[in-house]
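Observations on chain architecture
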Amino acid sequence: MVNEKEYTWKVSAAGRVNIIGEHVDYCGGKVFPAALSMRNTVYVRPNGTNTIRLRWTTLPDEVTLDLNALEKYRDIPYGNYQAGSALLWRNAGHKLVGCDMVQDCTVPFGSGLSSSAAIEVSTIAALATAAGEKIDPVEIALTAQKAEREYAGVNCGIMDQYASACGKKGHAMLLDCKTLSCEYVPVALGDCVFVIANCNKPHSLADSKYNERRAETDEALATLQQAADISCLADLTPQTFAQCGYLLSGKIYDRARHVVEECDRVRKAEQAMKSGDTALLGQLLNASHASLRDLYEVTGKELDALAAAAQSHPACLGSRMTGGGFGGCTISLVQKEGVKDFIAYVGKKYEASTYFSASFYDTDIADGIVVEKL
Ligand code: GLA
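Residues numbered from 1 in each chain as written. Predicted model: local features only at pLDDT ≥ 70, side-chain atom pairs only at ≥ 80, totals over all residues. Heavy atoms only, no water.

Points about the overall build of the protein
Each helix and strand counted, the protein has ten helices and 13 strands in total. Compactness check: the protein gives a C-alpha radius of gyration of 21 Å against a globular reference of 21 Å for 374 residues, within 12% of the reference. Expressed as lengths along the three principal axes of its C-alpha atoms, the size of the protein is roughly 60 × 50 × 40 Å. Going through the 374 residues of the protein one by one, you find that 56% of them count as buried. Accessible area for the protein stands at about 15300 Å²; split by element, carbon and sulfur atoms hold 50% of it. With 37 positive and 45 negative side-chain charges, the protein shows a separation of 2 Å between the mean positions of the two kinds. (Helix = DSSP H or I, 4+ residues; strand = E, 2+ residues; numbered from the N terminus. Rg over C-alpha atoms; globule rule 2.2 N^0.38 Å. Buried < 20%, exposed > 50% of the residue type's maximum accessible area, 1.4 Å probe, protein only. Areas by Shrake-Rupley, 256 points an atom, 1.4 Å probe, with all protein chains shown as cover. Lys, Arg positive; Asp, Glu negative; His and termini not counted. Charge placed at Lys NZ, Arg CZ, Asp CG, Glu CD.)

Notes on the packing of aromatic side chains
By the definition in use, this model includes four aromatic pairs. Both rings, one in Tyr26 and one in Tyr210, keep their centres 5.5 Å apart while their planes meet at 70 degrees; by these two values the pair is edge-to-face. Remark: Tyr210 occurs in helix α5 (residues 206–224) and Tyr26 occurs in the loop between β1 (9–18) and β2 (30–31); sequence separation between them is 184 residues. Judged by its relative accessible area of 11%, Tyr210 falls in the buried class. Looking at Lys168, its charged tip hangs above the ring of Tyr184, at a distance of 5.2 Å from the centre. (Phe/Tyr/Trp six-rings, centres within 6.5 Å; stacked < 30°, edge-to-face > 60°. Lys NZ or Arg CZ within 6 Å of the ring centre and 35° of its normal.)

Here's the deal with the environment of Tyr355
Structurally, Tyr355 can be placed in the loop between α10 (339–354) and β12 (359–361). Since its relative accessible area comes to 75%, Tyr355 is described here as exposed.

A few points about the pairing of strand β9 (residues 192–198)
For β9, a buried count of six out of seven residues is recorded, marking the element as mostly surrounded by other parts of the structure. Examined bridge by bridge, β9 and strand β11 (residues 329–335) share seven bridges and lie antiparallel to one another. Bridge pairing links Val193 to Val334 in β11. (Pairing = 2+ DSSP bridges.)

Some points on the state of the cysteines
Under the criterion given, the structure shown has zero disulfides. Here Cys316 stays unpaired: no disulfide links it, and the sulfur of Cys192, its closest cysteine neighbor, is 9.1 Å away. Of the cysteine sulfurs around Cys329, a residue in no disulfide, the closest is that of Cys199, at 7.5 Å. (Disulfide = S-S within 2.5 Å.)

Structural notes on the packing of helix α7 (residues 250–275) against helix α8 (residues 278–294)
Running from amino to carboxyl end, α7 crosses α8 at an angle of 165 degrees, the nearest separation of the two axes being 9 Å. It follows that α7 is roughly antiparallel to α8 by the angle criterion. Helix-helix and strand crossings are classified by hand; for α7 and α8 the assignment is left-handed. For the pair α7 and α8, contact is made by His258, Glu262, Arg265, Lys268, Ala269, Ala272 and Met273 and by Leu280, Leu281, Leu284, Ala287, Ser288, Ser291 and Leu292, respectively. In terms of residue class, the contact of α7 with α8 is built from eight nonpolar, three polar and three charged. (Axes fitted to C-alpha atoms, helices over the stretch in contact; angles between N-to-C directions. Parallel < 35°, antiparallel > 145°, perpendicular 65-115°, else oblique. Left-handed = near helix turned anticlockwise from the far one by under 90°. Contact = heavy atoms within 4.5 Å. Nonpolar A, V, L, I, M, F, W, Y, C, P; charged D, E, K, R; others polar.)

Here we look at the environment of Glu183
On the secondary structure map, Glu183 appears in strand β8 (residues 182–186). In this structure, Glu183 is in contact with Ala172, Met173, Leu174, Glu270 and Lys274, ignoring residues within four places of it in sequence. A polar contact of 2.9 Å, which involves the side chain of Glu183, links it to the side chain of Lys274. (Polar contact = N/O pair within 3.5 Å; in protein donor to acceptor, adjacent residues only side chain to side chain.)

Some words on the pattern of salt bridges
Counted by the stated rule, this structure contains 21 salt bridges. Between Glu22 and Arg320 there is a salt bridge; the shortest N-O distance is 2.7 Å. With Glu22 in the loop between β1 and β2 and Arg320 in strand β10 (residues 316–322), this residue pair connects regions lying 298 residues apart in the sequence. Judged by relative accessible area, Glu22 falls into the buried class, the value being 1%. The exposure class of Arg320 is buried, given its relative accessible area of 0%. The closest approach of N and O atoms between Asp235 and Lys178, which form a salt bridge, is 2.8 Å. Within this pair, whereas Asp235 is found in the loop between α5 and α6 (238–244), its partner Lys178 is found in the loop between β7 (171–176) and β8, the two being separated by 57 residues in sequence. Judged by relative accessible area, which is 45%, Lys178 ranks as partly exposed. A single salt-bridge network, built from bridges that share partners, covers Glu212, Arg213, Glu216, Lys251, Arg255 and Glu297. (Salt bridge = Lys/Arg side-chain N within 4 Å of Asp/Glu carboxyl O.)

Limitation: the analysis is restricted to geometry and does not speak to function.
Rendered as structure tokens:
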């Protein structure tokens, strides 16, 4: 428990779920995530020193970060994301003030729901608030992404940090990752809801495989640019890809095909969401999972089993993995009246086929950064 009276501000940023548009953000595509009420909350007060003193509600550890030596914390198990965020924020020209922070994270780690983005974004927002700065969510998102790339070593796209910082209650975000323009689309699912389930398989290989997929899409782009006037893979439609795809072969072809078709599914999902066509949205979720499994190869046995179990329930209109993959969560579109039965059925079926037990989360679509004076 945190005694709020001992702190000056409470600053939080959201975890996120991606509805559709997976592994396309770093290819200039549009993504369709939503910020969650599962979040990282930072209680902060200036401490008049040249250090950040860090504690957590869920860990016994205490870590002191020397503001003059922020480079040296890359390999510590807890506090490295905070150190990287502080360093990159200062490198972007901002003042850091020494402070005490207690962090309370309700986004499960390694779940594909962006706990790391929530930590980075909320830490920067807390540092900015402690220094008396006005919050600019987009600038914070871009700096947090830099921290993930340059400090944590994951060459990620902008989706997670943007959703974590700029999310809006009740809305999904149609984010164009090429231009950073964002349209907020009300999540209106009629008699359906989204159910998020964690396969609880730790995804330790994720980071290296993630960077490998990025390299493969870069290779595909460089080859296709010999024939097509494009600046990113997302510039291609399935029709234009059909004309130049012959230049690629094997896995590189598959990776590019996934990106092109997933971008097309996002366009269709936008229409489905806006017109309340949940049947179509469900089909698109299923097709996205199949493509991530067969063409992009980022799912794995457990996520496949969890999505298949969900898809086989009569109240489920569609289900797919969400986030980077190799473990973590699925998102399923389920008829409200069937949710209870769905959870019981999927939990049982998944456990029988993998010996892992799934977790189901009760979470809402929420705002991104929230700053509260205590
Ligand atoms: C991770 C990355 C994002 C995005 C997704 C896949 O969550 O941080 O930038 O690439 O994987 O869609």
